[in-house]
Each structure stands twice: as structure tokens, then as C-alpha cells.
Amino acid sequence: MRMKNDVVILGGGYGGAMAAARLARHGVPVTLVDARDALVERIRLHQVAAGDDVPPIPYARLFRNLPVTFIRARVETIDRERKLINGTIPYDKLVYALGSINAPFARIGNARSVAVIGAGLTGIETASEIAERHPDVKVTLVDAGTIGRNLSANAQRHLRAWFAAHDVTLIENERVPNVGRASARPPGGRAADAVLWCTSFALSPIAKEAGLHVNARGQIVVDDHLRSSDPDIYAIGDAADFRGRRMSCAIALPMGAYIADALAGATGDPFRFGFAIQCISLGRNDGIVQFVHADDSPKERCLTGRPAAWIKELICRYTIVSLRLESRGVHYRWPKTEAA
Ligand SMILES: Cc1cc2nc3c(=O)[nH]c(=O)nc-3n(C[C@H](O)[C@H](O)[C@H](O)COP(=O)(O)OP(=O)(O)OC[C@H]3O[C@@H](n4cnc5c(N)ncnc54)[C@H](O)[C@@H]3O)c2cc1C
């Protein structure tokens, strides 16, 4: 039977899980739909690629004792006229939090040489994790531009010194032909047993197919209240284009918290958010904490070495701790300094 004021959340990643926990804490019944029955810690997938075991966190445990109905289903369609997901799940208000995809994020297995294509934050973390854990594996990091170009001069120096010390070959200003995302063909003519593509986060076509206003990448364009072009559909996390901000867990969690407050009537203010740092792990014992302006551009100041590795690890743990605390009624807070 269709209930009134049903809020349905599509996707239980960082953004969707935060929205579900907080809405439930506000006393709003919520339905969460995800293809898996557990939250995948996506910010640790580079560790998984290097061989770590990072078990997903079951939603049943995360939302224990909360009014969150979980439906395990792969979302295929949104029928906006009849307000139905996959033709069967009704909604009154919909939060679209299906994230993005970077595939394949497989384990390197027995590969003796690995090429990581794309040296954004994910590519840097992936190459360094593998290089540290498997010193006998030849790691090459390839990018179409300059590696570390979005970091301060000090951070760039540290990054290059770390890669040199760990025998990682850097190939810059080389665009790797699209030979198929899962292909193990040599990038730029250099052979590799395994190729990990970290070039960009791809978006599901579902939003576009539903007729929502999306940008060229397929992200739902949202206004200052995270509303899509459909007044009953909101978008958060990687799936949302909020003023072109970087896809990150750092903004997905605040968006989830904000949308819960907005749907529960706890705020009528616009969403406000400013970046403060970028944290990059270089294996388990080193890292870079790059201080940034609210618009994510780097300041000169950065922390490196073991202290930076600790901060990064603390932040990774804090994402899950904050979801658990939210489920227990301790509200998550975030930096609201806006970019100029
Ligand atoms: C290796 C790596 C390291 C990263 N490190 C950082 C970092 O240090 N800091 C940072 O801020 N960000 C980091 N990121 C980016 C961060 O992981 C993403 O920005 C973040 O996960 C986005 O959260 P989300 O809730 O939008 O989506 P996700 O966390 O991707 O969750 C999406 C959910 O939707 C579900 N889903 C998707 N499609 C469907 C479907 N059709 N039907 C049903 N369910 C579906 C998925 O199962 C998933 O549960 C990193 C990413 C990677 C890959």
C-alpha cells in the first residue's frame, strides 16, 4: 500500500546512508534502495586493489533500531509521472544518490607489472598503495598532464620524491588510447600485466533517461537546495552537480545530512559547504594533507609524512564513525565556509 510522504533514497553510499540515518533520526520513515545490502567503503578501494580486505558494512547493522526500510534492488528506471522506481517502488520525495562508477577496481592478483592510468587523487593513492605493498611489482603511473598539478609546490615535491624512492615510473603528458577499460594492453607502448583505470568517475544514465536536467558528464544539476529540475527529486553526492564541486566523500556526507534536514523541515536555508583539506595517502606510512581554499584550490601549506598518513587514516575512520553516530542521534556537522 502506498504511504503518504514516503521518502525514497536511491543508493546507500556515503551520501545516501547519511541521508537515511539522519531522516530516520528526525522521525521521518525512509526507504533505502541499493543493489548491495552493505555500504562499500569506496575511499578504501585502492587498499582493496593492493590486497587488503575491507569488509562492507551491512545496512542492517548500520540502521539497527531505526525506521529505515531497506530494499535490495538494482535501480533501472525512474518513472516521474507515476512516481515509481523500477515500475514498482513508489515515492513522494526522491533522493538520488547513486554515486559514480570507476571500473574495474580489481585486485592486482599475481601481476608483476601494473599500469595505473590517470593520476588524480585516486590514481596517486592506487599507485602508491601497490608500490608500497608489493615492492617486487613494477608500477607505472600515467597521466595526460602533469602529475600532482593541483597540489602546492611543496606537496608536489614530496609526491615526486616518494614515487622516486619507491621506484614508481611516472609517465606524464601522455594520453593513453582508449583500448577498453578492462584491457591489459600496454599503455603508451609499455607492457603491463594489469591496467587499473583511474581516469574519471563515470555516471549512470538513469537520471538522463528519466528526463532530469543533467550536465555533460550525466550528473544531475542541482540548485542551492539540492533540488533537481523535478521539484520532487533531489540529488546528492557524486551524482549531483553542485556548482561544479569535486566529486568526493567530503561533500557527499554533508549533502546527505543537509537533504535530511531539508526534507524533515529542520532547515530552509540553502546548502553551504567549503573544502578545507585534500588528504592523499601514499601507502600506509606516508601521505599529503594539502590545505585548500573553500573552492578546493591549494594553499601553499601542506603536511607530509607520517602525521599526514595518520590524519588521512583518521578521516577514513571518521566517515564511518560519523554514520554510526548519526544513527545513534549524534548529528554530523561540516565546514560551511563558502567559496568566494
Ligand atoms: C580509491 C578511491 C579513493 C577515494 N578517496 C577519497 C578521499 O580520500 N576523500 C574523498 O572525499 N573522496 C574520495 N573518493 C571519492 C569518494 O569515494 C566518492 O566521491 C564518494 O564515494 C561519493 O559518495 P556517494 O554517496 O555519492 O556514492 P557512492 O559512495 O559511490 O555510493 C553509491 C551507492 O549507490 C549504489 N548504486 C549505484 N548504482 C546503483 C543502481 N543502479 N542500483 C542500486 N544501487 C546502485 C552503490 O551500490 C553504492 O552503495 C575516493 C574514491 C576512490 C575510488
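Just above sits the structure.
Residues numbered from 1 in each chain as written. Predicted model: local features only at pLDDT ≥ 70, side-chain atom pairs only at ≥ 80, totals over all residues. Heavy atoms only, no water.

## Some words on unusual backbone geometry
Residues other than glycine predominantly adopt negative phi, and peptide bonds predominantly adopt the trans conformation.
Reasoning step 1: A positive phi is found at Asn86, a non-glycine position, where the angle reads about 50°.
Reasoning step 2: Tracing the chain through its elements places Asn86 in the loop between β7 (84-85) and β8 (89-90).
Reasoning step 3: On the accessibility criterion, Asn86 (24% relative accessible area) is partly exposed.
Reasoning step 4: Within the chain, Arg243 stands out as a residue other than glycine whose phi angle is a positive 50°.
Reasoning step 5: Structurally, the position occupied by Arg243 is in the loop between β16 (240-241) and α7 (249-263). (Helix = DSSP H or I, 4+ residues; strand = E, 2+ residues; numbered from the N terminus. Buried < 20%, exposed > 50% of the residue type's maximum accessible area, 1.4 Å probe, protein only.)

## With respect to the site of the ligand
Reasoning step 1: Among the 33 residues in the neighbourhood of the ligand, the closest are listed as Asp34, Arg42, Val75, Asp238 and Lys312.
Reasoning step 2: At 2.9 Å, a backbone N or O of Ala250 approaches an oxygen atom of the ligand.
Reasoning step 3: Contact with the protein chains hides 90% of the accessible area of the ligand, taken as 1000 Å² for the molecule alone.
Reasoning step 4: When residues of the shell around the ligand are traced back to their parent elements, those giving at least two are α1 (14-25), α4 (121-133) and α7.
Reasoning step 5: No other element matches the three residues that α7 contributes to the shell around the ligand.
Reasoning step 6: By residue class, the composition of the shell around the ligand is 16 nonpolar, ten polar and seven charged. (Near = heavy atom within 4 Å. Polar contact = N/O pair within 3.5 Å; in protein donor to acceptor, adjacent residues only side chain to side chain. Areas by Shrake-Rupley, 256 points an atom, 1.4 Å probe, with all protein chains shown as cover. Nonpolar A, V, L, I, M, F, W, Y, C, P; charged D, E, K, R; others polar.)

## Points about the environment of Leu32
Reasoning step 1: Tracing the chain through its elements places Leu32 in strand β2 (residues 30-34).
Reasoning step 2: Sequence-wise, Leu32 and Arg243 are 211 residues apart; in three dimensions their C-alpha atoms are separated by 26 Å.
Reasoning step 3: Not counting chain neighbours up to four residues away, the residues in contact with Leu32 comprise Ile9, Gly11, Gly12, Gly16, Tyr59, Phe63, Val68, Thr69, Phe70 and Ile71. (Contact = heavy atoms within 4.5 Å.)

## A short note on a positive patch on the surface
Reasoning step 1: A contiguous patch of positive charge, built from Arg61, Arg64, Arg324 and Arg328, is present on the exposed surface.
Reasoning step 2: Looking at the element boundaries, Arg324 is found in helix α8 (residues 306-327).
Reasoning step 3: Taking the relative accessible area as the measure of exposure, Arg324 reaches 33% and is therefore partly exposed. (Patch = residues over 30% accessible without salt bridge, like charges linked within 9 Å, V, L, I, M, F, W, Y side chains within 5 Å. Salt bridge = Lys/Arg side-chain N within 4 Å of Asp/Glu carboxyl O. Lys, Arg positive; Asp, Glu negative; His and termini not counted. Charge placed at Lys NZ, Arg CZ, Asp CG, Glu CD.)

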